[in-house]
Amino acid sequence: MRSVAKTLSSSDRLASSSARLILMLLRARAILVLLLLLVLFSVLAPNFLTANNLSILAKHVAISAILAIGMTFVILTGGIDLSVGSVAGLGGMIAGYLLTQGLSLGGAVHFPPLVIVVFLTLAVCLSVGALNGWLVARAGVAPFIATLGTLYIARGAALLISNGKTFPNLAGTAAHHNTGLTTIGQGFLLGLPAPVWIMLLLFGVAAFVAVKTPFGRHVYAVGGNERAARLAGIRIPRVKLATYLFSSLCAGIVGLIIASQLEAAHPATGETFELNAIAAVVLGGTSLMGGRGSVTGSLIGAFVIGVLADGLVMLGVSEFWQIVIKGVVIVLAVAIDQLQTRLQARFLPLILRSSQEAGA
Amino acid sequence: MRLLAPVLLLAVLLIGCRPADPHKLLFIIVPSQDNPFFKSEADAAAARAQQLGYRTRIDAHDDDAYRQDNLIDAAIASNAAAIILDNAGSDSSISAVRRATKAGIPVFLMDREIAADGIAKAQIIADNDQGARLVAAEFGRALNGSGKYAELIGKESDTNAQIRTHGFHAVLDGMPGLKLVTAQSANWSQSEAFSKTETMLQAHSDITGIIAGNDTMALGAAAAVKSAGLHNIQIVGFDGSPDAVAAIRSGELNATALQPSVYIARLAVEEADRLLKTGSTGKPERQIVPCDLVTKQNANLYENFEKVR
C-alpha cells in the first residue's frame, strides 16, 4: 500500500481536491437548481416569496411529489410504474361513485361513511399495484409493458364507472353521513395545507424505510445487481411487489386529494401525471437503471418542477414556452447525471488514493 | 362514369340480395366520451337516429386525426348509411370526409367545421364567436365595465379556443376600464385550471373577474377562488354544461354561453335522414346556430345542453 501512496504526485492531489468539489456540486445539483429558481422567481415575480404563495406552491408540488416518492422505490429496483396517473384518476372515480351513488347491497342503497370510502378507494388502487407487482415479479413481464397495460386498464375502468361522466358535489351530504372528503385536499393544520402534511408524512416514512430498514437495503440491492441480490438470499419478488403496492397507494392518495380539491371526480384526471413523477425522480438523481438514488432527491426534483411551473405562470409565460422549458430542464438534469457518473469513474480512484494518504 | 353505373347497380343489387338488416346504420363519431359536452351530443344524435329507425354506433377519435381516419374506414367497411361527425381538426379532417363521400357515404358535420366546401352534405355549428361576444358582454356588465381580470384559454392548438378568445377580446378590449392582467392556457382541464388560478391569484391579488374558454376551466377557477376564501370574483364560462348551469344557479359562476349541441346533433341526424329518403337535405351546407346566454335569471330553463322550458 505504501508504494501506491508514494506515486501520488502533487498535481494529482490538486486534481483530486478540485474533482471532489465538482463532484460535491454535481451531487447537490437538484437543490442548487431549486435555490436558483427560488431566487430567480423571487426577484422577477413580486408576490412569489410570500407565505401564502409558498403554501399554495407546496400544495401543488404535493401532487407530483407524492407520486414521485412512490415511484422512487419502483425505479430503485430497476422498474418503472407508468400506471400512477391512471390509478389516481381511477381512485377519484371510485370515491366519487361511493359518495354520490352509494353501494347497493341486498337491493338497498347504502352510503358508506368517509372512512370506508377512503379505505375502499385505496384498496382498489392497491389491487392495481398488486397486479403490477405480480406481472413484473412473478409473470416476468417487463415493467414498462406491464404498467403500460395497467395504465390503459385503470383509465378504461375509470371511464366505465361513470360512463364517461363527471361526479360532481363530492362534499357529501349530512343525510348520508358521508361528509368530510373536502378536508383531505382543502383542510389546514398549523397553517399548512393538508396535502402538504400528507406529502411530508409519506416522505418521512419513505426516507426512513429506504435508509434505515433491511427492506430499504433490499430495494437498493435488487436494483444494483439483481443476480447478486438473489444469491444473497433476498426474496426479490416480494421486494418488487411491495414497491408497486406502495406506488399505487401513493397514486390512490393523489386521486383522493384531487377529488377533494375540486369536489368533483373526472375520469380523465391524472393523464400524463406519471411523466411528471418520473421527471421528478430523475431530476432528483435516481438512476433509471436502478440501485442508485434517494427519496429526498425525488422530493427536491418535484419541487424543482413545481416551482418552475408556478413561477412561469406567475410571470405570465405562455404555455408553449412552459412545456419547452420543462423539457430542457429534464434533459439537462439527465445530461449532468451522466457527467457525474463519468467524472466519478475517472476521479474516484484519485480521491480514494489521496484520502488513503491523508489517513496514513 | 359508364363503367361506374353498372358497378354501382350491381352493388345495390348485391346489398339488396343480402339478408338485409331492416335498419340502416348511422355511424356517429365524436371527439371523446369522457367530456359531458361530446357525450350528450353523441347520445342525442343516437337517440334521434333510433327514433327514426336507424341502428347506431358511437365512437370517439380523441382529437386524433389518424384515429378518425381509421374510424371512417370502419364506417365504410361496415357499410354505414351516413356518418355524423364531430371532426378532429378543420384541415386534417378533409381527406377523411372526402374518402367517405367518395365511398358513397354522406357525411354530416356537427359542432366543428372543415376548411372545405362541397364535400360534406352539411356543416352545422354553434356560433362560437357570437357566443363568446355574448358571454364577454355579460362579464363586462357584471364587472360594471372596470377592474382587472384574468383569462383561462383552452387548448391553444384548438380552433375553438382561438375563436372564443378572439370573441372575448372583441368585446372586452372595447371597455376602457377593464384590464387583462394575465392569460394562461389550462387546456380545457378542470384540475389544471384549479392550480393555475390559485397561482394567478397569488401574482395578481386584485383580480375581480375570470373569463374562461369553457365551463370545466370556469369550474376549476371557481373551486380555486373558493379555496382562497375570496368572494365577489365574477367567473364566466362557455358551453352550458349541466355542472356549470348548476353552479350558476348556486351563484358560483356568473354566466355561460350555452352551445345548443343537443339541438345541432338532432338536426344533423334529421338532415341525414332527409337526404337518405329524398336525396336532398333541403338546406345549405353551412348552417350556424346561435348560442344562448345562461345567467342566474334564466338558468332554470336549461338542462343537459338545451332549453327545456
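Cut-offs and rules
- Residues numbered from 1 in each chain as written.
- Chains lettered and ligands numbered in written order.
- Predicted model: local features only at pLDDT ≥ 70, side-chain atom pairs only at ≥ 80, totals over all residues.
- Core = buried A, V, L, I, M, F, W, Y, C linked by C-beta atoms within 7 Å.
- Buried ≥ 20, exposed ≤ 12 C-beta atoms within 10 Å, placed from the backbone.
- Helix = DSSP H or I, 4+ residues; strand = E, 2+ residues; numbered from the N terminus.
- Domains from an automatic or database assignment.
- Contact = placed C-beta atoms within 7 Å.
- Pairing = 2+ DSSP bridges.
- Axes fitted to C-alpha atoms, helices over the stretch in contact; angles between N-to-C directions.
- Expected span 1.5 Å × (residues − 1).
- Right-handed = clockwise from strand over helix to strand, strands pointing away.
- pLDDT = per-residue confidence, 0-100.
- Parallel < 35°, antiparallel > 145°, perpendicular 65-115°, else oblique.
- Left-handed = near helix turned anticlockwise from the far one by under 90°.

(A) Representation of the nonpolar core in the model. Among the nonpolar cores identified, the biggest contains 192 residues, and A:Ile66, B:Ile84 and B:Ala268 are the most heavily contacted of them. Broken down by element, this core gets its largest block of residues, 16 residues, from helix H4 (residues 51–76) of chain A. Looking at which domains feed residues into this core, each of domain 1 (4–125 + 261–290) and domain 2 (128–258) of chain B supplies at least three. Setting aside chain neighbours within four positions, we find B:Ile84 in contact with B:Leu26, B:Ile28, B:Ala45, B:Phe108, B:Met110, B:Ala268, B:Val269 and B:Ala272.

(B) Region of interest: the sheet that holds strand E6 (residues 147–153) of chain B. All names here are of chain B. In spatial order, the strands read E7-E6-E8-E9-E10-E12; together these 6 strands make up an open sheet with mixed pairing. Looking along the sheet, the strands with just one partner apiece sit at the ends: strand E7 (178–185) and strand E12 (292–295). Pairwise comparison of adjacent strand axes, ignoring direction, gives a mean angle of 20° for this sheet. Across 4 bridges, the pairing between strand E9 (residues 234–239) and strand E10 (residues 255–258) is parallel. From the neighbouring strand, Val 236 faces E10, where its bridge partner is Ala 255. Together, E7, strand E8 (207–212), E9, E10 and E12 form the strand contacts of helix H5 (residues 128–142), whose direction differs from that of E9 by roughly 170°. On the sheet, helix H8 (residues 215–227) packs against E6, E8, E9 and E10 and is oriented at approximately 160° with respect to E9.

(C) Quick look at the interface of chain B and chain A. Taken together, the contact pairs 23 residues of chain B with 26 residues of chain A. Residue assignment for the side of chain B that touches chain A shows that the elements contributing at least two residues are helix H2 (36–51), E7, helix H7 (190–203) and H8 of chain B. The greatest single-element share of the side of chain B that touches chain A, amounting to 10 residues, is contributed by H7(B).

(D) Region of the structure containing helix H7 (residues 143–162) of chain A. A rise of 1.5 Å per residue sets the reference length of H7(A), with its 20 residues, at 28 Å; its end C-alpha atoms lie 29 Å apart and thus fit the reference within 8%. Positive backbone phi, at 60°, marks A:Asn163, one or two positions downstream of H7(A).

(E) Geometry of the pairing of strand E2 (residues 55–60) of chain B. All names here are of chain B. Two strands pair when backbone bridges link them, and strand E1 (residues 25–30) and E2 are joined in this way by 6 bridges, in the parallel orientation. When the sheet's bridge partners are listed, Leu 26 is paired in E2 with Thr 56. In this view, the connection linking E1 to its parallel neighbour E2 by way of H2 has right-handed handedness.

(F) Seen up close, the confidence of the model for chain B. All names here are of chain B. Across chain B, the average pLDDT comes to 90, with 93% of residues at 70 or higher. Confidence over residues 16–20 falls short of pLDDT 50; this stretch has 0 contacts with residues more than four positions distant or in other chains. Here the prediction assigns the complex a pTM of 0.79, and the interface score ipTM is 0.71.

(G) Quick peek at the domain arrangement of chain B. If you check the domain split of chain B, you get domain 1 (4–125 + 261–290) and domain 2 (128–258). Listed by partner, the interface residues are 4 residues for domain 1 of chain B and 5 residues for domain 2 of chain B.

(H) Layout of the packing of helix H6 (residues 114–138) of chain A against H7(A). Residue and element names in this part refer to chain A. The interhelical angle for the contact between H6 and H7, taken along N-to-C directions, is 150°, at an axis separation of 9 Å. In terms of their interaxial angle, H6 and H7 are classed as roughly antiparallel. Between H6 and H7 lies a crossing whose hand is right-handed. Counted together, Val 128, Leu 131, Asn 132, Leu 135 and Val 136 of H6 and Pro 143, Ala 146, Thr 147, Thr 150 and Ala 154 of H7 form the full contact between these two elements.

(I) Molecular detail of the sheet that holds strand E11 (residues 286–289) of chain B. All names here are of chain B. In space, the 6 strands of this open sheet follow the order E2-E1-E3-E4-E5-E11, with parallel pairing throughout. Sheet topology places E2 and E11 at the edges, where each strand pairs with a single neighbour. Neighbour-to-neighbour, the strand axes of this sheet turn through a mean angle of 15°, independent of strand direction. Relative to strand E5 (residues 122–126), strand E4 (residues 107–110) runs parallel, the two being bridged by 3 bridges. Bridge assignment links Phe 108 to a residue of E5, and that residue is Ala 122.

(J) A look at the environment of B:Pro176. Mapped onto the elements, B:Pro176 comes out in the loop between helix H6 (159–172) and E7. For the pair B:Pro176 and B:Ala142, spaced 34 residues apart in sequence, the C-alpha separation works out to 15 Å.

(K) Representation of unusual backbone geometry within the structure. Positioned with a positive phi, A:Leu190 is a non-glycine residue whose angle comes to about 50°. Take A:Leu190: it is sitting in the loop between strand E3 (188–189) and strand E4 (192–193).

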